[in-house]
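Structure assessment
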Amino acid sequence: MAVDANPHPTPSASALRGFFDGDVWHSFRSSPVAMLAAVITLICFVCALFAEVVAPHNPFDLATLELMDSLKPPVWVSGGESKYLLGTDGQGRDILSALMYGARISLLVGIASVLLSIVIGVSLGLLAGFLGGRTDAFVMRICDVMLSFPSILVALMISGVGRSLFPNAPDALAFVVLVLAISLTGWVQYARTVRGSTLVERNKEYVQAARVIGVGSFRIMRRHVLPNVLGPVLVLATIQIASAIITEATLSFLGVGVPVTSPSLGTLIRNGNDYLFSGEWWITAWPSLTLVLITLSVNLLGDWLRDALNPRLR
Amino acid sequence: MIASSRDTNARQAFSNFMLVFILRRLAQAVVVMLSVAFIAFMLFQYVGDPVTNLLGQDATEEQRTALRKDLGLDQPFPVQFARFAVNAAQGEFGISLRQGRKVSSLIVERFPATLELALVAGLIALGFGIPLGVYAALRRGKASAQLLMTGTLFGVSLPNFVIGIVLIWVFAVELKWLPSFGRGEVVDFGGWTSGLLTRDGLLHLILPAFTLSAFQLTLIMRLVRAEMLEVLRTDYIRFARARGLTNRSVYFGHALKNTLVPVITITGLQLGSLIAFAIITEQVFQWPGMGLLFIQAVQFADIPVMAAYLCLISLIFVVINLGVDLLYFAVDPRLRVEGKAH
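Note that the structure is a prediction, hence the values are computed from the model and not measured.

Definitions and limits used
- Position labels on residues start from 1 in each chain and follow its written sequence.
- For this description, chains carry letters from A and ligands carry numbers from 1, given in the order in which they are written.
- In keeping with the model being predicted, local features are shown solely for residues with a pLDDT of at least 70 and side-chain atom pairs are shown and tallied solely at 80 or more, while totals for entire chains, interfaces and linings include all residues.
- A helix here means a DSSP run of H or I that spans at least four residues, while a strand means a run of E at least two residues long, and both kinds are numbered starting from the N terminus.
- With C-beta atoms placed from the backbone, a residue counts as buried when 20 or more other C-beta atoms lie within 10 Å of its own, as exposed when 12 or fewer do, and as partly exposed for counts between those limits.
- Two residues qualify as being in contact provided that their C-beta atoms, derived from the backbone, are within 7 Å of each other.
- To obtain an axis, a line is fitted to C-alpha atoms, over the contacting stretch when the element is a helix, and the angle between two such axes runs from 0 to 180 degrees between their N-to-C directions.
- Under this scheme an angle from 65 to 115 degrees is roughly perpendicular, one under 35 degrees roughly parallel, and one over 145 degrees roughly antiparallel; angles in between are oblique.
- For this scheme, ten residues count as nonpolar: Ala, Val, Leu, Ile, Met, Phe, Trp, Tyr, Cys and Pro. Four count as charged, namely Asp, Glu, Lys and Arg, and the remainder, Gly too, count as polar.
- Every residue is assigned a pLDDT by the predictor, reflecting its confidence on a scale from 0 to 100.
- As used here, a nonpolar core is made of buried Ala, Val, Leu, Ile, Met, Phe, Trp, Tyr and Cys residues. They are joined through C-beta atoms within 7 Å.
- For a crossing to be left-handed, the near helix must be turned anticlockwise from the far one by less than a right angle; the clockwise case is right-handed.

A word on the overall build of chain B
Scanning chain B from terminus to terminus reveals 13 helices and two strands. Among the 342 residues that make up chain B, the fraction classed as buried is 34%. Once local pairs closer than 6 in sequence are excluded, the contacts in chain B between residues at least 24 apart make up 72%.

In structure tokens form, the structure reads like this:
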């Protein structure tokens, strides 16, 4: 909420803009891997965002589903139809369209949980680093404990508690529980990063100057320190989107993620898994491939961004 | 004289430091376990009413009050928590809501399957990861090593269940070489079941164990490669070469030995995550372990099973972390040197 509340760009913010005009763009243009990853990511985002326009069918419109068309293989396999490019699933849904709608849900959940974990992590990191003392010790202990458990376990636990608290929850609430489960495990990284940079920033002269003229702690944190600690958060966020998408897919695959009425990529893989043994490989293969493509290219993009923004590597 | 008094001081300081370190770690472990127990307790108390769960919806108010009293639910909060903690410490978590059996016996039944899977996966990760890592380090810059390193990128970024599905597709569905479902034939040793002793059990273990090990395998391989490259640059390796030792003895006798400490530490730490990630593998292969039990508990909001699993897995993690911390402290030469150098 307070992330972009800074109307006056600080020196480092405008420096960042200059950075994007020059070196970073150049490094992007000279890295074929980064460009390929960016193109794939862009295609996936556009298909997901404009699924209604791009998708050849609406897989959730029950009126258009024909049971006769179920389990059709991809078009190049014998028995395939040009109407269904990548084949159909057990209910006659077009896989390509289901992929686009599914990718939308995956990306939506992934991005929403990354945003929420940024808000939680950055706030706690700022507080811990700036206030120090007991606040710092308390937040960092929680981080230590969270980090000693694998994130998938924590996410499963939170989702399990959410399920038992609201046994007959409507679908919207299921999404909220899912996003909470993923972001409550993901905030730790941001908190640690931001705390580290805040510890450095809080002793700088501009902070002392602000203190001297009587600006309150929270205002200093929000208006002065925050813009200067956001750089690494950006890089971290890119990489975390990939892992948030994987976590979502894993939870959905395990059957405790998104509601079945709005299947994400993970749900599609789970559904297709049952057909694997009867030879209908395409139902599970396409969503798996899409998931891998999205996470791999977002990861590569994040790696490139980290290297490009790191002055020590240049 | 001066040197020896410095020596004693350093030793004194070192052992004090060590004592403080151990005590702090122990205290932290106890705090973690207590907070986990507290979370589990809160789950029991406030998520899903235990009285309704036991009696059903249409019990009379008298029955409810009686049961509430029997269960001790009318007592003050700290007393209830203390009783819960004592029960939990004895492995007593009540009755599974879904299966109607004691949680402790359910877990005892499932534990061997998960432990075997995790251990075999860990061995696979070490057995393949170390040689491949050494190979990638020695052949650095060659096409084969390059290919291997690109391969590890997939091991890291592929979601675990996708690896499992691909393995099932290739080896179980297309080639029909290996089974992909369940544990196969097991031998029962009075409560401990093992699939390691029958051919069928071993065949069933192959695919899940490789799936589970994929991430750790690539991790170990990358780690060994990085450590080897570092060590190969040091003076004592050059000296060993100057002495005319064979490549074999330089690489394996001198270099590899020195890369193994961090590798063993990481593997130890990863054993806990192997058990945790087994949840996913067990779901893919319908492996009848604790992870499958836990997933079903999460799906059906079976609080006692969830709470028990939470406590057990936390205990495993805390014990492993504590053990590795202490071990690391004991084997890190820099810390020992401080005490002995003078």
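The structure having been displayed, the exposition proceeds.
A word on the overall build of chain A
On a plain count of helices and strands, chain A comes out with 12 helices and zero strands. Shown N-terminal to C-terminal, the secondary structure of chain A runs as helices and strands in the order α-α-α-α-α-α-α-α-α-α-α-α. Put simply, chain A has 314 residues, and 46% of those count as buried. Considering only contacts in chain A between residues 6 or more positions apart, those separated by 24 or more positions represent 70%.

Structural notes on the packing of helix 10 (residues 247–285) of chain B against helix 11 (residues 290–299) of chain B
Residues and elements named next belong to chain B. It is at 7 Å that the axes of helix 10 and helix 11 come closest, and there the two elements cross at 85 degrees. Taken together, the axes of helix 10 and helix 11 lie roughly perpendicular to each other. For the pair helix 10 and helix 11, contact is made by Ala278, Ile279, Glu282 and Gln283 and by Gly291, Leu292, Phe294 and Ile295, respectively. Grouping the constituent residues of the contact of helix 10 with helix 11 by class yields five nonpolar, two polar and one charged.

Looking at the interface of chain B and chain A
With 29 residues of chain B at the interface, the matching set in chain A holds 33 residues. Mapped by element, the contributors of at least two residues to the side of chain B that touches chain A are helix 1 (2–46), helix 7 (160–174), helix 10, helix 11 and helix 12 (303–331) of chain B. Broken down by class, the residue content of the side of chain B that touches chain A amounts to 23 nonpolar, six polar and no charged.

Some points on unusual backbone geometry
Positive phi, close to 55 degrees, is recorded for lysine 176 of chain B, a residue that is not glycine. The topology assignment puts lysine 176 of chain B in the loop between helix 7 and strand 1 (187–189).

Some details on the confidence of the model for chain A
Do not read the predicted coordinates in detail wherever pLDDT is low. Residue and element names in this part refer to chain A. Mean pLDDT for chain A: 81, with 87% of residues reaching 70 or above. Of all helices and strands in chain A, the one with the weakest mean pLDDT is helix 1 (residues 11–29) (64), whereas helix 4 (residues 95–131) scores best (91). Confidence drops under a pLDDT of 50 for residues 1–9, and excluding neighbours within four residues, the segment shows seven contacts in the predicted structure.

Notes on the nonpolar core
Ranked by size, the top nonpolar core spans 160 residues in total, and within it Phe294, Met306 and Tyr309 of chain B carry the most contacts. Setting aside chain neighbours within four positions, we find tyrosine 309 of chain B in contact with Met290, Phe294 and Ala297 of chain B.

What to know about the confidence of the model for chain B
All names here are of chain B. The pLDDT averaged across chain B works out to 80; a share of 87% of its residues lies at or above 70. At the level of individual helices and strands, chain B shows its lowest average pLDDT in helix 13 (residues 333–340), which scores 50, and its highest in helix 5 (residues 103–138), which scores 89. In the predicted assembly, ipTM is 0.78 and pTM is 0.81.

A look at the environment of leucine 119 of chain B
Residue placement: leucine 119 of chain B occurs in helix 5. Expressed as a C-alpha distance, the spacing of leucine 119 of chain B and serine 213 of chain B, which sit 94 residues apart in the sequence, is 9.6 Å.

Points about the environment of threonine 198 of chain A
Residue and element names in this part refer to chain A. With respect to the element layout, threonine 198 can be found in helix 7 (residues 171–201). For the pair threonine 198 and proline 56, spaced 142 residues apart in the sequence, the C-alpha separation amounts to 50 Å. In this view, threonine 198 contacts Gly125, Leu126, Gly129, Phe130, Val225 and Val229; residues no more than four positions away in its chain are not counted.

So, the environment of serine 273 of chain B
Residue and element names in this part refer to chain B. Secondary-structure assignment places serine 273 in helix 10. Judged by the 20 C-beta atoms lying within 10 Å of it, serine 273 is buried. The sequence separation of serine 273 and phenylalanine 317 amounts to 44 residues, and the corresponding C-alpha distance is 8.3 Å.

Some words on helix 8 (residues 205–212) of chain A
Little of helix 8 of chain A sits inside the fold, with zero of its eight residues counted as buried. Directly after helix 8 of chain A, the chain includes glycine 214 of chain A, whose backbone phi takes a positive value near 90 degrees.

Brief notes about the packing of helix 6 (residues 151–165) of chain A against helix 7 of chain A
Helix-helix packing is characterised by the crossing angle of the two axes and by the distance between the axes. Residues and elements named next belong to chain A. Close contact between helix 6 and helix 7 brings their axes to 8 Å; oriented N to C, the two are set at 145 degrees. As for the relative orientation of helix 6 and helix 7, their crossing is right-handed in sense. Counted together, Ser151, Val154, Ala155, Ile158, Ser159 and Gly162 of helix 6 and Val177, Leu178, Leu180, Ala181, Ile182, Leu184 and Thr185 of helix 7 form the full contact between these two elements. Among the residues making up the contact of helix 6 with helix 7, the classes are represented as nine nonpolar, four polar and no charged.

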